[in-house]
Amino acid sequence: MVQLGVERLLNERSDAVEGERLGLITNSSGTDSDLNTTIDLLHDREAFDLRKLFGPEHGIRGDVQAGVKVDDSTDERTGLPVKSLYGEQRRLRPEMIADLDTIVYDMQDVGCRFYTLIYTLAYALMGVAEADKRMVVLDRPNPVAPLPVTGNRISEESASFVGGYELPIVHGLTVGELATYFNEEFDIGADVSVVEMRGWTRSDWFSDTDLPWVYPSPNMPTPGTATLYPGMCFFEGTNLSEGRGTTKPFELIGAPWIDADDWAAELSAQNLDGVAFRPAYFSPTFSKHEHENVTGVQVHVLDRDAVDPVTVGLTVLVSAFTSYDRCEWIEYDDGFFVDKLAGGSYLRKAVDAADAASEPREIVENITDGWSDDLADFADARANYLRY
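Residues numbered from 1 in each chain as written. Predicted model: local features only at pLDDT ≥ 70, side-chain atom pairs only at ≥ 80, totals over all residues. Heavy atoms only, no water.

Novice: Hey, could you go over the sheet that holds strand β8 (residues 252–255) for me, with residue numbers and the actual values?
Specialist: The antiparallel open sheet is built from three strands, whose spatial order is β8-β10-β9. Edge positions in the sheet fall to β8 and β9 (275–282), since each of these pairs with one other strand and no more. Geometrically, the sheet is characterised by an average inter-axis angle of 25 degrees between neighbouring strands, direction not taken into account. Bridge count for β8 against strand β10 (residues 294–301) is four bridges, and the pairing is antiparallel. Paired with L252 across the strands is Q298, a residue of β10. (Pairing = 2+ DSSP bridges. Helix = DSSP H or I, 4+ residues; strand = E, 2+ residues; numbered from the N terminus. Axes fitted to C-alpha atoms, helices over the stretch in contact; angles between N-to-C directions.)

Novice: Quick one: what's the story with the nonpolar core, residue by residue and with numbers?
Specialist: Generally speaking, a soluble globular protein has its nonpolar side chains buried in company with each other. Counting 124 residues, the largest nonpolar core has M135, F182, F234, L240 and W263 as the members making the most contacts within it. Per element, the largest residue contribution to this core is ten residues, and it comes from helix α3 (residues 117–131). (Core = buried A, V, L, I, M, F, W, Y, C linked by side-chain atoms within 4.5 Å. Buried < 20%, exposed > 50% of the residue type's maximum accessible area, 1.4 Å probe, protein only.)

Novice: Explain the packing of helix α5 (residues 223–232) against helix α7 (residues 309–323) residue by residue, including any values.
Specialist: Two numbers describe how α5 lies on α7: the axes approach to 6 Å, and their chain directions differ by 50 degrees. With respect to α7, the element α5 is oriented oblique. Taken as a pair, α5 and α7 cross one another with a handedness that is right-handed. For the pair α5 and α7, contact is made by T227, L228, P230, G231 and M232 and by P309, V310, V312, G313 and V316, respectively. Class assignment of the residues belonging to the contact of α5 with α7 gives a composition of seven nonpolar, three polar and no charged. (Parallel < 35°, antiparallel > 145°, perpendicular 65-115°, else oblique. Left-handed = near helix turned anticlockwise from the far one by under 90°. Contact = heavy atoms within 4.5 Å. Nonpolar A, V, L, I, M, F, W, Y, C, P; charged D, E, K, R; others polar.)

Novice: Let's hear about the environment of V318: which residues, and what values?
Specialist: Residue placement: V318 occurs in helix α7. Here V318 falls in the buried class, since its relative accessible area comes to 1%. The spatial distance from the C-alpha of V318 to the C-alpha of D369 is 16 Å, given a sequence separation of 51 residues. Ignoring any residue separated from it by four or fewer positions in sequence, one finds V318 in contact with V351, P360, I363 and V364.

Novice: Lay out the side chain of T238 in plain terms, naming residues and giving numbers.
Specialist: Along the chain, T238 turns up in the loop between α5 and β8. When its relative accessible area of 0% is taken as the criterion, T238 is described as buried. Reaching out from T238, the side chain makes a polar contact with the backbone oxygen of F235 at a distance of 2.9 Å. Aside from chain neighbours lying at most four places away, what touches T238 is K288, L317, F321, E328, W329 and I330. (Polar contact = N/O pair within 3.5 Å; in protein donor to acceptor, adjacent residues only side chain to side chain.)

Novice: Lay out the pattern of salt bridges with the relevant residues and their values.
Specialist: Summed over the entire model, instances satisfying the criterion amount to 18 salt bridges. Measuring nitrogen to oxygen at the nearest pair gives 3.0 Å for the salt bridge that ties E12 to R8. The salt bridge partner of R348 is D339, with a shortest N-O separation of 2.9 Å. Taking relative accessible area as the criterion, D339 reaches 14% and is therefore assigned buried. Overlapping salt bridges, with partners in common, bring together E236, E242, R244 and K288 in one network. (Salt bridge = Lys/Arg side-chain N within 4 Å of Asp/Glu carboxyl O.)

Novice: How would you sum up α5? Please name residues and give values.
Specialist: Counted residue by residue, α5 has eight buried out of ten residues, so it is predominantly covered. Within α5 the residues assigned to the buried category are T225, A226, T227, L228, Y229, P230, G231 and M232. Next to the buried residues of α5 lie β8, β10 and α7.

Novice: Mind laying out helix α11 (residues 372–382), listing which residues take part and the relevant values?
Specialist: Of all the residues in α11, the buried ones are F378, A381 and R382. In an axial view of α11, the angular spread of the buried residues amounts to 90 degrees, which keeps them on one side of the axis. For α11, exposure combined with an orientation more than 90 degrees from the buried face picks out D373 and D380. Against the buried residues of α11 lie α4 (175–185). (Arc of directions from axis to C-beta.)

Novice: Which residues make up the packing of aromatic side chains, and what are the values?
Specialist: Per the stated rule, a full pass over the model turns up 18 aromatic pairs. Their ring planes at 80 degrees and their centres at 5.6 Å tell us that Y181 and F186 sit as a pair that is edge-to-face. The class for Y181 is buried, based on a relative accessible area of 0%. Summarising the aromatic geometry, the rings of Y181 and Y385 are spaced 5.8 Å apart at their centres and angled 85 degrees between planes, so their arrangement reads as edge-to-face. Linking Y181 in helix α4 with Y385 in the segment after α11, this pair joins segments that are 204 residues apart in sequence. Y385 shares its class with Y181; the two are buried. These aromatic residues form a ring-pair network of at least three members: Y86, Y119, Y123, F161, Y165, Y181, F182, F186, F378 and Y385. In this structure, R91 packs its charged tip against the face of Y123, placed 4.1 Å from the ring centre. (Phe/Tyr/Trp six-rings, centres within 6.5 Å; stacked < 30°, edge-to-face > 60°. Lys NZ or Arg CZ within 6 Å of the ring centre and 35° of its normal.)

Novice: Requested: an account of a negative patch on the surface, with residues and values cited.
Specialist: A grouping of E359, E362, E365 and D369 is seen on the molecular surface, where their side chains present a negatively charged patch. Structurally, the position occupied by E359 is in the loop between α9 (346–353) and α10 (360–369). (Patch = residues over 30% accessible without salt bridge, like charges linked within 9 Å, V, L, I, M, F, W, Y side chains within 5 Å. Areas by Shrake-Rupley, 256 points an atom, 1.4 Å probe, with all protein chains shown as cover. Lys, Arg positive; Asp, Glu negative; His and termini not counted. Charge placed at Lys NZ, Arg CZ, Asp CG, Glu CD.)

What follows is the structure, given as structure tokens:
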């Protein structure tokens, strides 16, 4: 079994934080291999002085839905104060940690640039640097590490809390590697150390680790969800349901005006590697099309070693918009949310320029062919931070 960073801290590296006033950034996914929470493990060890908790999007115990602001609170189990990093502000401010020495970070990532927990990490590094404190990152597996690194590098002009730091869509890094990438590539200057895992290799899917999966957010219930998420997340920027409010988020896609049989047949004809499509019928309990009868497809991963989830997701997206004229982009602030996910308007404009006669695979290939220079640049940068 893979030995997690939190386990190595407790068993071998406790001197790294003993005697220091600690803050902990974590959520429900911060556990050891026996499902003991990192909160309880640090709080209950006499040699540790855990004083404050910090909660990201979805809250310290992972019970808040996506995009919902989280308030400061008190943790019922430990009685510790909880400061929100997804409320009125999302940064770890120096005044929030003035009475602490070291901030510990322990949360499960999903290997995709859309996932907000990694920006909580980046913003925390800034706060630590500004306050002249220290951070210790407890490393965890990238659950989709075998996926090919893919996507454009998001520019500074297009950066947001769902994409930044010149990351491609699938980055292939662990949280420990991301911490040093953020810190050094962007001159944050934080005093940060990483407690590495033992026994993990980059060829491991999460199921290869023998570790239990604890969902890091309510709509990331399984490692299989994380496999499709890098491509299917683009549907968050549309008026189609991406399966939130069902038991298969990012696997079920649809809307009330879709013909499930026709669309499943069309998508099957695209001959996408590693996946299959079936007609699906569902009624989300919340989010888009709440309590409506939704028709669409379920995406099944048949061979995870063959699948390219970004190509899959983009092909499904193009197919939806060229087949059904009721598909629309969701406006967000003064623009479109899909532009934040894509890192610019190029994807939306390419889809809007297509018509019913267009071949979805050709459109997607034209988009992804333009990523080659970005991927080469990221590969050069990424190589400096690989630990496994």
